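The primary structure of each chain is shown beneath.
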Amino acid sequence: MALSAYCKKCGRETVPGGVCPVCGGKLGPAHAFWRVNQVPVRSWVSWNAPMRLILPCAGIIFLALLLAEAASGGADAMNAFLSGGIPTVLLCILIGIMTVTGLILFLQGRHTCEISADKSGITMRVLLSNPDALRLLAHFRSPKLMEDSRLRMEYGLLLEERRMSWKDVSRVQLWPEQGTVLLYAPRWWLRMAVPCDSEGWQEMSALITEKLGKDRHAHIPAALRPKEKAGQRKKPAASSRRTGGTGSGTGLDDGQLLAEIRAMNAEIEREESRQEN
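Scope of this entry: the structure provided in the associated data block. (Residues numbered from 1 in each chain as written. Predicted model: local features only at pLDDT ≥ 70, side-chain atom pairs only at ≥ 80, totals over all residues. Heavy atoms only, no water.)

1. Considering the packing of helix H1 (residues 44-83) against helix H2 (residues 86-108)
Direction vectors running N to C along H1 and H2 enclose 175°, while the axes themselves pass 10 Å from each other. The orientation of H1 relative to H2 falls into the category roughly antiparallel. Residues Ser46, Trp47, Pro50, Met51, Ile54, Leu55, Ala58, Ile61, Phe62, Leu65, Phe81 and Leu82 of H1 form the contact with H2, whose own contacting residues are Ile86, Pro87, Leu90, Leu94, Ile97, Met98, Thr101, Gly102 and Leu105. Of the residues in the contact of H1 with H2, the class split is 18 nonpolar, three polar and no charged. (Axes fitted to C-alpha atoms, helices over the stretch in contact; angles between N-to-C directions. Helix = DSSP H or I, 4+ residues; strand = E, 2+ residues; numbered from the N terminus. Parallel < 35°, antiparallel > 145°, perpendicular 65-115°, else oblique. Contact = heavy atoms within 4.5 Å. Nonpolar A, V, L, I, M, F, W, Y, C, P; charged D, E, K, R; others polar.)

Next comes the structure, spelled out in structure tokens:
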């Protein structure tokens, strides 16, 4: 994994050192760094963000109307409500909202995710190459951002920058088919979905083991826990690789690793279910 350092003055990732070789600005500490290209309309993460709000709200509205009918007219009123046109109207509204969501994600086009990870946490920046007014509006950003030179970075216009400290992570899930590490805080809320290339996957696995492996309150795959006897961290993803290289949307090609990770995730879900019961 190549190390990089970030220059706040010119917004570039460059070779670690004291000063930036491009603008002479002071560089930050060295960290692991990789880039991944994403197409939002084909990304589960992009769909998940609005749907986890839209679907519960739609369900609450439906149940509220159903309970209101039951309270006012009993079982007959409920049957009349379910056989009437209101559920169909609500379903059509939901389909319309999902269609609009898909259109917005389509108009967003392709963007680049820059991920830097170190012992303190993870930083993810979303960059839009060749931005225009329509794509910025689809990202719910003002077209005036194109005039801000401070947001111009090497690989595009900075749309978003998020950081998450390891101490805030309460749950980790691995999604090797999509080359993504899911970080939750609290356990039931997805805070960050980190796309990884093959080397980024290895680095994330090592950092999770180092920073969360000994924390019994953090729910992580068992394979990422350090070996208790040897006292060394486990590196389950050391031999894994993603096909297609950096920027591709394919998963890891090690079938045995995928089966092991699926088993780990199933084991974690069983433990959580036992704890809730």
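2. Some points on H2
Over its 23 residues, H2 runs 33 Å from end to end, which matches the ideal 33 Å to within 8%, given 1.5 Å per residue. Where the residues of H2 are buried, they touch H1, strand E5 (121-128) and helix H3 (133-138). Positive backbone phi, approximately 70°, marks Gly109, located one or two places after H2. (Expected span 1.5 Å × (residues − 1).)

3. Brief notes about the nonpolar core
Grouped together as the largest cluster of nonpolar side chains are 37 residues, with contacts concentrated most on Trp34, Ile122, Val172, Val181, Val194, Met204 and Ile208. Within the residue set of this core, elements represented by two or more residues are strand E3 (31-38), strand E4 (111-117), E5, strand E7 (156-165), strand E8 (171-175), strand E9 (180-184), strand E10 (190-195) and helix H4 (198-212). One finds Ala5, Cys7, Cys20 and Leu27 within the second-largest nonpolar core, a separate group that totals five residues. (Core = buried A, V, L, I, M, F, W, Y, C linked by side-chain atoms within 4.5 Å. Buried < 20%, exposed > 50% of the residue type's maximum accessible area, 1.4 Å probe, protein only.)

4. Structural notes on H1
Over its 40 residues, H1 runs only 34 Å from end to end, short of the ideal 58 Å by more than 12%, given 1.5 Å per residue. At Gly73, H1 shows its largest kink, close to 135°. The set of residues buried in H1 consists of Ser46, Asn48, Met51, Ile54, Leu66, Ala77 and Phe81. In the core, the buried residues of H1 are packed alongside H2 and E10. (Bend = angle between axes of the 7 residues up to and from the residue.)

5. Some remarks on the side chain of His111
Take His111: it is sitting in strand E4. Setting aside residues up to four positions removed in sequence, His111 forms contacts with Val36, Asn37, Gln38, Pro40, Val126, Leu127, Leu128 and His139.

6. Overview of the environment of Ala117
You can see Ala117 is positioned in strand E4. In this structure the C-alpha to C-alpha distance between Ala117 and Met204, which are 87 residues apart in sequence, comes to 7.6 Å. Not counting the four nearest positions on each side in its chain, Ala117 is found in contact with His31, Ala32, Trp34, Ile122, Met204 and Leu207.

7. With respect to the packing of aromatic side chains
Scanning all chains against the criterion turns up three aromatic pairs. Seen in terms of ring centroids, Trp44 and Trp175 are 5.0 Å apart; in terms of plane orientation they differ by 90°. Their pairing is edge-to-face. Residue Trp44 is located in helix H1, and its partner Trp175 is located in strand E8; the two are separated by 131 residues in the primary sequence. On the numbers, 6.0 Å between centres and 75° between planes, the contact of Trp188 with Trp189 is edge-to-face. (Phe/Tyr/Trp six-rings, centres within 6.5 Å; stacked < 30°, edge-to-face > 60°.)

8. Let's talk about the sheet that holds E9
Pairing is antiparallel across the open sheet formed by three strands, whose spatial order is E8-E9-E10. In this open sheet, the two strands that pair with only one neighbour each are E8 and E10. Neighbour-to-neighbour, the strand axes of the sheet open up by a mean angle of 20°, direction not taken into account. Here five bridges tie E9 to E10, and the two strands are oriented antiparallel to one another. The partner of Thr180 across the bridge, within E10, is Pro195. (Pairing = 2+ DSSP bridges.)

9. Looking at the layout of surface pockets
Of the volumes computed, that of the largest pocket is approximately 1000 Å³. In terms of lining residues, the largest pocket is bounded by 42 residues, among which Gln38, Ser43, Val45, Ser46 and His111 are the most central. Those elements that provide at least two residues to the lining of the largest pocket are E3, H1, H2, E4, E5, E7 and E10. Here the lining of the largest pocket takes seven residues from H1, the largest share from any one element. For the lining of the largest pocket, the per-class residue count stands at 20 nonpolar, 14 polar and eight charged. Reported here for the second largest pocket is a volume of approximately 290 Å³. (1 Å grid on protein atoms, 1.4 Å probe; cavity = no way out; pocket = protein on both sides within 12 Å on 5 of 7 lines; lining within 4 Å. Points joined across faces, edges and corners; volume = space filled by probe spheres on them.)

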